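Single-letter residue listing:
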Amino acid sequence: MKGLLRWEFRKLIINQKLIWLIFATLLVQVLIGLLSKPRLYVTYNLEIYKELTAEYGGVYREEVKEEIRLKLEEYAIKKEEYQGIVTGYEMYGMGIQEEYESACFYLTEINIYESALRALLAKTDYLDSVKEHSPVLTYDLELSDYLERFEINLVSNVFCLLFSVLLFFESSISGMDQLLTPSVTGRKRIRLAKWVIAMVLCVLATSLFYLLGFLFAVTRWNFCSLDIPAVSLEYFKQWPKNLSILEALGVLFLYRQLQSLAAVALVGIWSRFSKNIIGAAVLFGVVTVIMYGIL
Amino acid sequence: MKLELKNLSKFYGKVRALEGVDLTLDKGIYALLGPNGAGKTTLISMIATLIRPTAGKLLWDGRDIFEMGEEYRSFLGYMPQNISYYKEFSAEMFLQYMCEMKGLKPREGRGRTTELLKLVALEDVAKRKVGSFSGGMKQRLGIAQALINDPKLLILDEPTAGLDPKERIRFRNIIHSLGEDRIIIYCTHIVPDVEHIAGRVLLLRRGKLIKNNEMGELISQMQGLVWELPLKEQVSEERMEELAISNITQHGGKLYMRIISEEQPDEEALAPEPCLEDVYMYFFNESQGEGK
């Protein structure tokens with residue numbers, strides 16, 4: 001069996017150019033990691049939101065929330081004051097232009113800060129309602145967006161699809177079936193070796209691409225507080241409140257492993273009954289999408 | 001060492017590929033002849049365990065080959081028609097791979113590879129990729145892989161297709177040297193390839209075994225059925241068709257029409273020594289209603 005496994009690997013590397021496939025997919029993964037920008041859709045100024053999140057220290061106990069509420073009240077008073085100046089100037093021509101312009105400027109500033117602060121308070125209230133004293137993460141939205149895109153591990157799926165097709169269909173594509181079937185080893189043992197390789201490569205590839213994605217998250221978005229509750233991240237909003245981010249990521253990792261293994265296994269089963277590669281690819285895609293739909 | 005085919009049949013849906021073949025093979029070289037679609041490849045695919053028969057049994061020394069499984073395949077050598085390779089493998093690597101597939105240990109496999117590359121005169125190109133090989137080199141590599149386990153039963157399906165005359169002779173010589181202590185089934189429709197090496201001839205037509213005779217016996221049955229008539233310019237097309245010419249040969253600077261006929265077709269017609277090609281033409285000449 002050892003010899004068979006060695007040859008199956010050699011075939012993948014020499015005949016199917018596995019090294020190039022690994023290199024190409026890794027390159028794509030790295031490029032995506034480096035070049036992708038978060039797509040964020042919020043009604044408040046994100047930079048101000050982060051500035052405020054950092055200023056108030058992440059974990060929002062009652063006294064901090066009180067401080068935020070006071071700040072909002074202060075903003076409300078100031079807004080009223082500036083609004084008076086603006087209305088007076090615009091409606092009745094009262095006051096001087098410099099005063100009016102200055103009021104307009106501050107009014108805009110206050111509105112920006114106020115909406116960011118309200119978003120922060122809303123988030124804090126939400127987190128507290130789910131799990132008390134969960135910190136608000138400065139890069140919550142970027143991280144969530146990152147997870148939404150990268151946790152899908154698209155490159156890993158493409159890699160798994162390609163190598164499984166190359167592995168399971170290689171002898172029928174090359175026409176070597178007619179030589180291998182009547183050999184002593186026989187088709188059964190060769191198939192078994194292919195299954196072992198497929199499962200091992202699948203686990204390795206999924207882990208590698210997942211790890212790469214995680215490393216990018218850590219380095220780009222200061223993703224370092226792994227023991228805080230998972231619900232602190234927008235992405236894990238619906239997850240059980242007792243899980244930490246590390247645990248949630250671990251569960252996702254295991255599930256993605258299972259998903260890749262299931263998809264690769266189906267390609268293997270399909271190859272047993274059909275030589276249609278497109279059918280195998282479609283099956284792989286369907287299983288992947290269904291499993292993403294579940295989690 | 002005995003391979004028995006008992007009432008062997010194979011149907012693909014309603015299409016009959018092989019029907020009721022009864023045959024016993026002992027040591028020696030067997031030429032399996034028949035036109036395209038006669039069922040040759042179906043028959044040898046079953047002997048090579050690639051497909052299972054719809055009915056009937058295949059027995060090796062009285063045991064069912066499909067039940068023997070690995071044991072049977074351990075002494076089976078098979079060279080399929082239009083053999084495929086891993087093109088990126090070198091000849092040496094390919095043979096080593098096949099050694100592994102045939103259950104040889106790596107060290108044993110390396111030794112056998114060297115031996116076989118020498119036998120088929122490919123040792124100089126052992127490190128070259130198979131994808132860059134000519135048709136002849138690929139065929140030689142094909143016979144080498146079939147010989148890896150020193151098979152008791154060697155099946156060759158159209159092994160000389162696409163080879164030039166020199167390579168065909170070389171190939172024939174290799175087969176001839178192997179034929180003494182094993183069963184070789186040589187499936188072809190290139191008749192001259194087997195004329196000098198096969199001991200027995202099996203004729204297959206429309207899925208049925210119509211002849212199973214010693215080569216000499218079969219050829220001698222053609223005595224009085226083969227005629228040669230000098231080719232004259234004034235022979236009309238109608239006459240040519242009427243004569244059912246199997247071949248046109250040249251000797252002594254003259255052209256002759258070789259005719260298969262139960263009666264002397266012309267007073268000038270001579271009776272030459274029949275050959276296996278005449279047997280083939282007699283049984284498989286489509287212009288004569290698919291032969292006799």
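Caption draft 1: Region of interest: the domain arrangement of chain A. Residue and element names in this part refer to chain A. Looking at chain A, the domain boundaries give domain 1 (2–35 + 151–294) and domain 2 (46–130). Computed from C-alpha atoms alone, the centre-to-centre distance between domain 1 and domain 2 is 49 Å. Of the residues lining the interface, 5 residues belong to domain 1; the matching set on domain 2 comes to 4 residues. Taking both partners together, domain 1 and domain 2 bury about 440 Å²; carbon and sulfur atoms supply 54% of that area. Counting across the interface, domain 1 meets domain 2 through 1 salt bridge. Measuring nitrogen to oxygen at the nearest pair gives 2.9 Å for the salt bridge that ties Lys 123 to Glu 234. The tally of links between domain 1 and domain 2 comes to 2 residue pairs in polar contact (both at pLDDT 80 or more).

Caption draft 2: Focus on the pairing of strand S11 (residues 226–230) of chain B. Residue and element names in this part refer to chain B. Across the 5 residues that make up S11, a large majority, 5, are buried. Side-chain alternation along S11 places Val 226, Glu 228 and Pro 230 on one buried face and Trp 227 and Leu 229 on a second face that is also buried. Sheet topology places S11 next to strand S13 (residues 254–260); 5 bridges connect them, and they run antiparallel. Paired with Glu 228 across the bridge in S13 is Arg 258.

Caption draft 3: Structural detail: the sheet that holds strand S4 (residues 55–60) of chain B. Residues and elements named next belong to chain B. Reading across the sheet, the 4 strands line up as S2-S1-S4-S5 and stay open at both edges, with antiparallel pairing between neighbours. The sheet is open, and its two borders are formed by strand S2 (15–25) and strand S5 (63–64), each paired with just one other strand. In the packing of helix H1 (residues 40–47) onto the sheet, the strands contacted are strand S1 (3–12), S2 and S4, and the crossing angle to S1 comes to about 120°.

Caption draft 4: Just the interface of chain A and chain B, in detail. With 27 residues of chain A at the contact, the number on the chain B side is 28 residues. Both sides together, the interface formed by chain A and chain B hides about 2300 Å², and carbon and sulfur atoms give 63% of it. Summed over the three residues of chain A that lose the most area to chain B, namely Trp7(A), Leu179(A) and Val184(A), the buried surface amounts to 30% of that side. Applying the counting rule to chain A against chain B returns 2 salt bridges.

Caption draft 5: Main features of the pattern of salt bridges. Residue and element names in this part refer to chain B. Scanning the entire structure with this criterion turns up 31 salt bridges over all chains. Arg 63 is paired through a salt bridge with Glu 71; the nearest N and O atoms lie 2.8 Å apart. Note that Lys 127 and Glu 92 form a salt bridge whose closest N and O atoms lie 2.6 Å from each other. You can see Lys 127 sitting in the loop between helix H5 (106–119) and helix H6 (135–147) and its partner Glu 92 sitting in helix H4 (residues 91–101), a full 35 residues away along the chain.

Caption draft 6: Focus on the sheet that holds strand S8 (residues 183–188) of chain B. Residue and element names in this part refer to chain B. Taken in spatial order, the 6 strands of this open sheet run S6-S7-S8-S3-S9-S10, and their pairing is mixed. The open sheet is flanked by strand S6 (76–79) and strand S10 (208–214), the only strands paired with a single partner. In this sheet, neighbouring strand axes are inclined to one another by 15° on average, regardless of whether the strands run parallel or antiparallel. Both strand S9 (residues 200–205) and S10 contribute to a ladder of 6 bridges, which runs antiparallel. Its bridge partner lying in S10, Arg 200 is registered against Glu 214. Packing against the sheet, H6 makes contact with S6 and strand S7 (153–157), and its axis sits at approximately 165° to S6. Against the sheet, helix H11 (residues 276–284) touches strand S3 (28–33), S9 and S10, its axis set at about 20° to S9.

Caption draft 7: Geometry of a positive patch on the surface. Where like charges cluster on the molecular surface, the positive patch consists of Arg187(A), Lys188(A), Arg272(A), Lys275(A) and Arg52(B). Checked against the element boundaries, Arg272(A) lands in helix H10 (residues 245–273).

Caption draft 8: Main features of the confidence of the model for chain B. Across chain B, pLDDT averages 85, with 94% of residues at or above 70. The secondary-structure element of chain B with the lowest mean pLDDT is helix H10 (residues 237–243) of chain B, recorded at 69, while S5(B) shows the highest, at 93.

Caption draft 9: View of the domain arrangement of chain B. Per the domain assignment, the segments of chain B are domain 1 (3–219) and domain 2 (224–273). Here domain 1 of chain B and domain 2 of chain B have C-alpha centroids that lie 37 Å from each other.

Caption draft 10: Inspection of helix H7 (residues 154–174) of chain A at higher detail. With 21 residues, H7(A) extends 28 Å between its outermost C-alpha atoms, agreeing within 8% with the 30 Å of an ideal straight helix rising 1.5 Å per residue. At Phe168(A), H7(A) is bent by approximately 45°, the largest bend along its length.

Caption draft 11: Broad picture of a negative patch on the surface. Residue and element names in this part refer to chain A. Together, Glu 51, Glu 55, Glu 63 and Glu 67 make up a region of like negative charge exposed at the surface. Elements with a minimum of two residues in the negative patch: helix H3 (46–55) and helix H4 (62–92). Following the sequence through the fold, Glu 51 ends up in helix H3.

Caption draft 12: Region of the structure containing the packing of aromatic side chains. According to the stated counting rule, one finds 22 aromatic pairs over all chains in the structure shown. Their ring planes at 85° and their centres at 5.1 Å tell us that Tyr282(B) and Phe283(B) sit as a pair that is edge-to-face. By relative accessible area, Tyr282(B) is classed as buried at 12%. A residue is classified by how much of its surface remains accessible, and Phe283(B), at 8% relative accessible area, is buried. Through a chain of ring-to-ring contacts, three or more aromatic side chains come together here, namely Trp7(A), Tyr86(B), Phe89(B) and Tyr97(B). Note that Arg10(A) overlies the ring of Trp7(A), its terminal NZ or CZ placed 4.4 Å from the centroid. The cationic tip of Lys237(A) hangs over the ring face of Tyr126(A); the distance from NZ or CZ to the ring centre is 5.4 Å.

Caption draft 13: Inspection of the nonpolar core at higher detail. Residue and element names in this part refer to chain B. By size, the foremost hydrophobic cluster in this structure holds 67 residues, and its most contacted members are Phe 94, Tyr 97, Leu 141, Ile 143, Ile 175 and Leu 276. Among the elements that make up this core, the one with the highest residue count is H4 (8 residues). When sequence neighbours within four positions are dropped, the list of residues in contact with Ile 143 reads Met 79, Val 120, Leu 154, Leu 156, Phe 171 and Ile 175. Membership of the second largest hydrophobic core comes to 31 residues, among which are Val 21, Met 46, Met 68 and Phe 75.

Caption draft 14: The arrangement of the pairing of S3(B) in detail. Residues and elements named next belong to chain B. Counting buried positions along S3 yields 6 of 6 residues, so the element is predominantly enclosed. Of the two faces of S3, both are covered, the one formed by Gly 28, Tyr 30 and Leu 32 as well as the one formed by Ile 29, Ala 31 and Leu 33. Bridging between S3 and S9 involves 4 bridges; their strand directions are parallel. Within S9, the position partnered with Ala 31 by the bridge is Val 201.

Conventions adopted
In this convention, every chain numbers its residues from 1, walking through the sequence in written order. Chain letters start at A and ligand numbers start at 1, both assigned in the order the entries are written. pLDDT decides what is reported in this predicted model: residues at 70 or higher carry local features, side-chain atom pairs at 80 or more are listed and counted, and totals for whole chains, interfaces and linings draw on all residues regardless. Here the side-chain values reflect all heavy atoms present in the structure, with hydrogen atoms and water set aside. An automatic or database domain assignment is the source of the domain bounds shown. Residues count as neighbours in contact if any of their non-hydrogen atoms are within 4.5 Å of one another. Accessible area, probed at 1.4 Å, shrinks when two parts are joined; the buried area is that loss added up over both. Put simply, a salt bridge is a Lys or Arg side-chain nitrogen that is within 4 Å of an Asp or Glu carboxyl oxygen. Identification of polar contacts relies on pairs of N or O atoms within 3.5 Å, with a donor-acceptor requirement for protein atoms, meaning one able to donate a hydrogen and the other able to accept it, and with residues adjacent in sequence counted only if both atoms are side-chain atoms. To sort residues, take the accessible area from a 1.4 Å probe on protein chains only and compare it with the maximum for the residue type: under 20% means buried, over 50% means exposed, and anything in between is partly exposed. Starting at the N terminus, helices and strands are each numbered in turn, a helix being any DSSP run of H or I of at least four residues and a strand any DSSP run of E of at least two. At least two bridges found by DSSP between two strands are what make those strands a pair. An axis is simply a line fitted to the C-alpha atoms; with a helix, the fit covers only the stretch in contact. Between two such axes, the angle follows the N-to-C directions and lies from 0 to 180 degrees. Patch membership needs two things, relative accessible area over 30% and no salt bridge, and members are linked within 9 Å if like-charged or within 5 Å if nonpolar (Val, Leu, Ile, Met, Phe, Trp, Tyr). To be clear on the numbers: accessible area is Shrake-Rupley with a 1.4 Å probe, and residue cover counts the displayed protein chains and nothing else. We count Lys and Arg on the positive side and Asp and Glu on the negative side, and we leave His and both chain ends out. To locate a charge, take atom NZ for lysine, CZ for arginine, CG for aspartate or CD for glutamate. Here pLDDT means the predictor's own confidence in every residue, given as a number from 0 to 100. For a helix, the expected span equals 1.5 Å multiplied by the residue count minus one. Bend is the name given here to the angle between axes fitted to two runs of seven residues, the run ending at a residue and the run starting at it. Classification of ring pairs rests on two measures: the distance between centres of Phe, Tyr or Trp rings, Trp counted by its six-membered ring, which must be within 6.5 Å, and the angle between planes, read as stacked under 30 degrees, edge-to-face over 60 and tilted in between. In our convention, an over-ring charge means Lys NZ or Arg CZ found within 6 Å of a ring centre and within 35 degrees of that ring's normal. Buried Ala, Val, Leu, Ile, Met, Phe, Trp, Tyr and Cys residues that are joined via side-chain atoms within 4.5 Å together make up what is termed a nonpolar core.

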